[in-house]
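# Chains, contacts and geometry: an overview
Below, each chain spelled out in residue letters.
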Amino acid sequence: MTAPIETMTQDLPYGGVLPGAVLETTKNGLVVAPDRIVELARYLRDHEGYDYCSMVTSVDWPQYFEVVYYLYGVAQPKDALVLRVRLADKDNPSMPSLTPIWPGADFQEREVYDMMGIRFEGHPNLRRILLWDGFEGYPLRKDYKESYYEEDTKPLKSRHPDGHHAWAEDRVPWKDNITYPVAWDPDLWRSPQVEYRRIMGVDDLKHGTSDIHTERILVNMGPQHPSTHGVFRMIIAIEGENVVGLEPEMGYLHRCHEKIGERNTYVMNIPFTDRLDYISSMSNNLGYVLAVEKLMGLQPPERAEYLRIIMAEFTRIVSHFIAVGFLFNDLGAYFTPALYGMRERELILDLFEAVSGSRMMCNYMRFGGVAGDLTDGWIERARELVWNRLPRVLEDFENLLSGNEIFLARTRGVGVLTAQEAIAYSMAGPMLRASGVPYDLRKVAPYSIYDRFEFDVCSRPEGDVWARFRVRMDEMYQSLRILKQAIEQLPEGPIMPPGKKQHQVRVPAGEAYSRIEGPKGELGFFVVSDGKANPYRYHVRAPTFINLTSLEKMSLGHKIADAVVVLGAVDIVLGEVDR
Amino acid sequence: MFGSGVFKGLGVTLKEFLATYVDDIKQIPSRYAGGKEEIDQTDVGEQRGLFTIQYPEEHRKLPERFRYIPMLLYETNAETGEKEDRCTACGICAKVCPPQCIWIVRDKDENGKPITRPAEFYIDTTICMNCGLCAEFCPFDAIKMNHDFEIAAYQRMPHLIFDLDELRVPVSYYQRIRPSDYAAEEAARLAKEAEKAAAKPAEKPARPAAPAAAAAAPAAVVTDAPAAEAPAAAGAKRTPEEIERLKAEAAARRAAKAEGGGEAVTAAPAAPPPPTGAGAQRTPEEIERLKAEAAARRAAKAAGEAPPPAAAAPVPPPPPPAPEPPAAPPAAVTGVGAKRSPEEIERLKAEAAARRAAKAAGDEQK
């Protein structure tokens with residue numbers, strides 16, 4: 001079986017400049033020869049305006065591994081160009097790294113190496129990123145069997161019609177469900193040591209101009225909540241108090257989201273997406289159902305579209321309240337702003353709970369619509385919030401935070417990313433817009449019905465932590481604007497397409513990538529279907545994961561206390577970073 | 001002036017601080033003093049201070065669609081008083097369940113032919129992710145999401161594996177916690193019945209539970225389950241002996257399967273699990289009793305009554321000792337629960353290590 005994508009070999013583009021680089025063309029992309037991809041990528045970046053490497057992932061096909069690059073133009077908005085590299089050597093797959101061309105591919109290529117075992121030659125730091133360094137095997141390959149493995153796909157046969165309950169622990173530990181490397185001896189085994197000093201080049205760096213020689217030391221921040229964002233670890237090389245190197249370590253919350261996604265049926269994945277960025281589950285639902293709807297060719301009814309927008313914009317407000325609140329938490333304002341934000345979040349979560357049954361794990365969107373209609377009194381409560389309460393609270397927030405001199409002193413000029421850097425590092429969402437790039441998918445590539453609403457794209461030229469705070473605050477006002485229009489225009493009608501609800505949807509073979517402007521950035525879902533009941537490949541472009549790529553760049557040269565603030569302004573949620 | 005921003009911010013916090021007290025003063029006597037049980041927080045547009053709820057003295061009023069662990073609805077037959085599950089053991093819930101936490105055994109009649117009701121129904125609440133897909137896709141409105149979130153227990157086994165008895169609630173309970181969903185479903189069903197009746201006037205309604213009557217006067221038809229009845233509920237269709245026998249047989253089957261599959265278990269009959277040891281060592285009687293108690297508690301809750309005092313708690317008749325199946329080695333019984341003794345685990349570990357070593361040696365020779 002090969003990729004379910006039509007390819008053509010006539011009229012190959014770029015034959016004049018780079019003959020032989022492009023092997024085939026597809027509807028929206030190119031199949032590229034592995035040995036020519038660096039040249040082609042450089043040409044595309046420099047002459048064709050594809051300056052933004054949005055997503056890198058890989059698919060394990062029986063004959064080859066396929067590495068997929070989704071490119072966009074951001075400085076001059078351009079539609080997707082998909083580069084595919086097919087690696088026929090399945091025992092030792094390897095291709096040149098594109099990190100030198102697009103630094104934003106750094107973590108993503110590491111993830112592909114980690115999960116699929118594809119080596120990227122020339123990558124500056126090719127080691128595991130989500131799994132630990134002693135891990136054996138590459139989990140997203142199709143032949144990988146995890147522990148507690150039962151069957152390739154759900155529903156599992158042991159549940160019905162004769163399914164007695166059995167503990168997973170009883171099924172496994174010392175039976176044939178776990179594989180050890182050949183000749184593996186637990187007594188002789190040593191846990192792998194990562195040589196951070198070498199990786200970060202701590203000892204190679206030239207000392208400053210000062211005559212005083214200071215020893216460079218490594219400081220571990222985390223893994224226990226370096227700044228209450230979750231289990232994340234930064235290894236910071238410092239000279240005195242100055243950050244001279246930073247290496248993020250993540251994956252402590254890795255839950256095999258994508259492997260589970262391939263075992264699941266399509267519908268089962270919806271509640272799992274709630275658990276990605278658990279602050280904004282409604283947005284995650286939306287991104288996923290849009291990807292599958294793209295494959296199925298479904299069009300939700302009008303009312304469902306409006307409900308989706310209302311939920312997504314409420315989610316954005318929730319997420320930004322948390323982002324702003326916890327940024328202040330990191331700055332030492334402790335819980336006052338965070339709890340003020342949390343309190344308003346509670347009111348919005350009440351609305352989510354009333355309509356979907358759960359506050360955080362909403363599981364609300366369905367293919368072709370939404371799970372439930374609004375309840376009695378819902379719209380009045382939403383009106384009260386949108387027209388009265390939230391504007392008042394935002395004013396309080398402005399008074400409380402925006403003018404605070406300590407805050408300004410700590411954030412102005414800290415963690416600066418220029419517009420070029422932000423694009424090169426594949427920053428997304430408020431991070432990108434705070435660097436002076438007014439790139440918002442709701443305007444640039446409107447999905448759902450965002451083209452019907454009037455709102456402004458918030459952007460600041462400064463590129464520092466303060467600008468990121470400001471962009472998030474401004475976006476909350478814009479979200480209120482969208483909410484007002486959506487609530488006013490909300491039509492009556494069905495919320496699902498006609499017909500019986502299907503628990504087993506038919507998804508035609510194909511490949512779809514949908515991206516939405518999530519609260520934290522470009523949230524993408526990449527779904528490959530082979531026509532069966534379960535996705536063949538399911539990948540999440542997690543905005544906060546990719547936004548962390550520039551963490552070292554932003555922190556260098558600042559004090560170690562600023563590294564915490566820089567991290568706080570990225571607004572990471574580890575459920576999404578680690579997946 | 002430098003510093004004015006800080007003071008402006010402090011003004012906001014001061015305002016919030018005072019507002020909290022203003023709220024309290026408005027509500028004299030304080031709602032915390034009397035222990036108002038359920039607080040409805042749907043109208044908070046004007047509230048300025050904190051709105052903490054002092055759980056467990058106070059509870060938040062849950063929205064109707066609130067979902068926690070699934071429950072199975074039954075209707076009580078007006079004539080015989082028997083509980084009739086709406087569930088037909090079709091298995092859609094087990095198929096759609098994302099973490100696959102539902103196990104269903106379909107019941108059989110005397111001739112061994114499968115019939116449309118569950119013999120056993122388990123939900124492993126330690127795995128359940130509360131997504132509600134089972135309730136959403138159930139074609140018979142038989143499985144619904146419960147509001148009862150206070151199910152914490154000291155041990156996973158057996159308390160958090162809900163079986164048929166623990167999952168069963170009367171329809172009237174469902175009607176109470178989710179009135180509008182219930183009303184909508186009944187209306188839809190009545191419409192369907194009417195349609196059917198119009199199309200085929202001679203045909204009897206498919207469901208013996210007479211839903212039309214249930215809709216008209218649900219309280220009259222569906223009686224709440226008395227607390228004492230719950231433990232005996234299993235007997236509605238099967239005698240306890242029979243169930244015990246079936247369970248033992250199932251265990252034997254599993255054991256036979258395991259014997260064929262893994263050598264680790266083959267050696268197990270030599271080491272019967274000692275009755276004492278780690279926390280998982282409960283006698284089957286004890287487990288039955290605990291389960292029955294839990295079921296009684298839940299039934300009482302569902303019926304809206306206060307939990308009966310411990311002394312008055314219905315003590316189920318001691319279940320007859322499970323007949324020792326000749327084919328079933330003691331290890332088979334342990335396979336049901338997590339009842340491995342530490343010794344056994346050590347032994348299994350050692351065996352596994354030996355196997356690994358042997359394998360490694362073999363590989364080296366190759």
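What comes next concerns the included structure. All figures in this text were calculated on a predicted structure; none of them were measured in a lab. (Residues numbered from 1 in each chain as written. Chains lettered and ligands numbered in written order. Predicted model: local features only at pLDDT ≥ 70, side-chain atom pairs only at ≥ 80, totals over all residues. Heavy atoms only, no water.)

## Quick word on the overall build of chain B
If you tally the helices and strands in chain B, you get 14 helices and nine strands. Looking at chain B as a whole, 40% of its 366 residues are labelled buried. Of the contacts formed within chain B by residues at least 6 apart in sequence, a portion of 71% connects residues at least 24 apart. With the model as given, the accessible surface of chain B reaches about 19,800 Å², and the carbon-plus-sulfur share is 60%. (Helix = DSSP H or I, 4+ residues; strand = E, 2+ residues; numbered from the N terminus. Buried < 20%, exposed > 50% of the residue type's maximum accessible area, 1.4 Å probe, protein only. Contact = heavy atoms within 4.5 Å. Areas by Shrake-Rupley, 256 points an atom, 1.4 Å probe, with all protein chains shown as cover.)

## Thoughts on the overall build of chain A
Counting secondary structure elements, chain A contains 19 helices and 15 strands. In terms of C-alpha radius of gyration, chain A reaches 24 Å, essentially the compact-globule figure of 25 Å for 579 residues. Principal-axis analysis of the C-alpha atoms places the extent of chain A at approximately 75 × 65 × 60 Å. Taken across its 579 residues, chain A has 61% of its residues classed as buried. The contacts of chain A with a sequence gap of at least 6 include a subset with a gap of at least 24, amounting to 68%. Surface summary for chain A: the accessible area is close to 21,400 Å², and the carbon and sulfur share equals 52%. (Rg over C-alpha atoms; globule rule 2.2 N^0.38 Å.)

## As for a positive patch on the surface
Taken together, the side chains of Lys 500 of chain A together with Lys 192, Lys 196 and Lys 200 of chain B define a basic patch exposed on the protein surface. Here Lys 500 of chain A lies in the loop between α15 (465–489) and β13 (510–518). We classify Lys 500 of chain A as exposed; its relative accessible area is 71%. (Patch = residues over 30% accessible without salt bridge, like charges linked within 9 Å, V, L, I, M, F, W, Y side chains within 5 Å. Salt bridge = Lys/Arg side-chain N within 4 Å of Asp/Glu carboxyl O. Lys, Arg positive; Asp, Glu negative; His and termini not counted. Charge placed at Lys NZ, Arg CZ, Asp CG, Glu CD.)

## Remarks on the pattern of salt bridges
Working definition: two side chains of opposite charge can pair if their charged atoms are close together. Under the definition given, this model contains 65 salt bridges over all chains. With a shortest N-O distance of 3.1 Å, Lys 520 of chain A and Asp 277 of chain A are connected by a salt bridge. One end of the pair, Lys 520 of chain A, is in the loop between β13 and β14 (521–529); the other, Asp 277 of chain A, is in the loop between α6 (269–274) and α7 (281–296), with 243 residues separating them in the sequence. On the basis of relative accessible area, Asp 277 of chain A is assigned to the buried category, the value being 2%. Between Glu 136 of chain B and Lys 501 of chain A there is a salt bridge, and its shortest N-O distance comes to 2.9 Å. With Glu 136 of chain B in helix α4 (residues 133–137) and Lys 501 of chain A in the loop between α15 and β13, this pair bridges two chains. Among the residues examined, Glu 136 of chain B registers a relative accessible area of 22% and is labelled partly exposed. Residue Lys 501 of chain A is classed as partly exposed on the basis of its relative accessible area of 31%.

## Some words on helix α9 (residues 335–356) of chain A
With respect to burial, α9 of chain A is a largely interior element, 17 of its 22 residues being buried. Within two residues after α9 of chain A, Gly 357 of chain A carries a phi angle of roughly 100°, on the positive side.

## Concerning the packing of aromatic side chains
Residues and elements named next belong to chain A. For the structure on display, the rule yields 24 aromatic pairs over all chains. The interplanar angle of 55° and the centroid separation of 6.3 Å between the aromatic rings of Tyr 113 and Tyr 138 together place this pair among those described as tilted. In this pair, Tyr 113 is assigned in helix α2 (residues 106–116) and Tyr 138 in the loop between β7 (119–121) and α3 (168–171), connecting sequence segments 25 residues apart. Centre to centre, the rings of Tyr 450 and Phe 453 are 6.5 Å apart; their planes meet at 75°, and the pair counts as edge-to-face. Just as Tyr 450 is buried, Phe 453 falls in that class too. Grouped by ring-pair contacts, the aromatic residues Tyr 306, Tyr 447, Tyr 450, Phe 453 and Phe 455 constitute a single cluster. (Phe/Tyr/Trp six-rings, centres within 6.5 Å; stacked < 30°, edge-to-face > 60°.)

## Quick look at the side chain of His 558 of chain A
Residues and elements named next belong to chain A. Within the secondary structure, His 558 sits in the loop between α17 (551–555) and α18 (560–570). A residue is classified by how much of its surface remains accessible, and His 558, at 17% relative accessible area, is buried. For His 558, the side chain forms a polar contact with the main-chain nitrogen of Gly 415, separated by 3.0 Å. (Polar contact = N/O pair within 3.5 Å; in protein donor to acceptor, adjacent residues only side chain to side chain.)

## Remarks on unusual backbone geometry
Residue and element names in this part refer to chain A. Each neighbour pair has its own omega, and for Lys 154 with Pro 155 the value is -5°, a cis peptide bond. Turning to its location among the elements, Pro 155 is positioned in the loop between β7 and α3. Following His 160, the chain continues into Pro 161 via a peptide bond in cis, with omega recorded as 0°. Mapped onto the elements, Pro 161 comes out in the loop between β7 and α3. A positive phi angle is found at Asn 363, which is not glycine, with a value near 50°. By secondary structure assignment, the location of Asn 363 is in the loop between α9 and β11 (365–366). On the basis of relative accessibility, which here comes to 2%, the residue Asn 363 falls in the buried class. Despite not being glycine, Ser 448 shows a phi value in the positive range, around 50°. Here Ser 448 falls in the partly exposed class, since its relative accessible area comes to 22%.

## Quick look at the pairing of strand β3 (residues 52–60) of chain A
Residue and element names in this part refer to chain A. β3 sits mainly inside the fold: nine of its nine residues count as buried. Examined bridge by bridge, β3 and strand β4 (residues 65–73) share eight bridges and lie antiparallel to one another. By the bridge assignment for β4, Ser 58 is matched with Val 67. Hairpin connection of β3 to β4: four residues between the antiparallel strands. (Pairing = 2+ DSSP bridges.)

## Some details on the nonpolar core
Tyr 69, Leu 83, Phe 314, Trp 378, Leu 548 and Leu 551 of chain A are the most contacted members of the largest nonpolar core, which has 181 residues in total. The element contributing the most residues to this core is helix α8 (residues 302–333) of chain A, with 16 residues. Ignoring any residue separated from it by four or fewer positions in sequence, one finds Leu 551 of chain A in contact with Phe 232, Met 234, Leu 246, Val 566, Leu 567 and Val 570 of chain A. The next biggest cluster of nonpolar side chains, apart from the first, holds 24 residues, and it includes Cys 87, Cys 128, Cys 134 and Phe 162 of chain B. (Core = buried A, V, L, I, M, F, W, Y, C linked by side-chain atoms within 4.5 Å.)

## Focus on the sheet that holds β4 of chain A
Residue and element names in this part refer to chain A. Taken together, five strands build an open sheet; the order of strands is β1-β2-β5-β4-β3 and the sheet is mixed. Looking along the sheet, the strands with just one partner apiece sit at the ends: β1 (22–25) and β3. Here the average twist between neighbouring strands, direction ignored, is 25°. Helix α1 (residues 37–47) rests against β1, β2 (29–32), β4 and β5 (78–87) of the sheet, and its axis sits at about 175° to β5. Sheet strands touched by α2: β3 and β4. Its angle to β3, the strand with the most contacts, is close to 10°. (Axes fitted to C-alpha atoms, helices over the stretch in contact; angles between N-to-C directions.)

## Remarks on α15 of chain A
Here α15 of chain A is 25 residues long and its end C-alpha atoms lie 36 Å apart, about the 36 Å a rise of 1.5 Å per residue gives. Burial analysis of α15 of chain A places 19 of its 25 residues in the buried class, which makes it a mostly covered element. (Expected span 1.5 Å × (residues − 1).)

## Focus on a nonpolar patch on the surface
A surface patch of nonpolar side chains, about 540 Å² in accessible area, is lined by Leu 14, Phe 17, Leu 18, Tyr 21 and Ile 25 of chain B. Mapped onto the secondary structure, Leu 18 of chain B falls in helix α1 (residues 4–26).

## Considerations on the environment of Gly 368 of chain A
Residue and element names in this part refer to chain A. Counting through the fold element by element, Gly 368 comes out in the loop between β11 and β12 (369–370). Taking relative accessible area as the criterion, Gly 368 reaches 0% and is therefore assigned buried. Considered as a pair, Gly 368 and Val 85 are 283 residues apart in the sequence and their alpha carbons are 33 Å apart.

## Considerations on the side chain of Arg 128 of chain A
Looking at the secondary structure, you find Arg 128 of chain A in the loop between β7 and α3. Polar contacts involving the side chain of Arg 128 of chain A include one to the main-chain carbonyl oxygen of Phe 135 of chain A, which spans 3.4 Å.

## Describing the state of the cysteines
On inspection of all chains with the given rule, the structure shows zero disulfides over all chains. Lacking any disulfide linkage, Cys 256 of chain A is separated from the closest cysteine sulfur, that of Cys 97 of chain B, by 18 Å. (Disulfide = S-S within 2.5 Å.)

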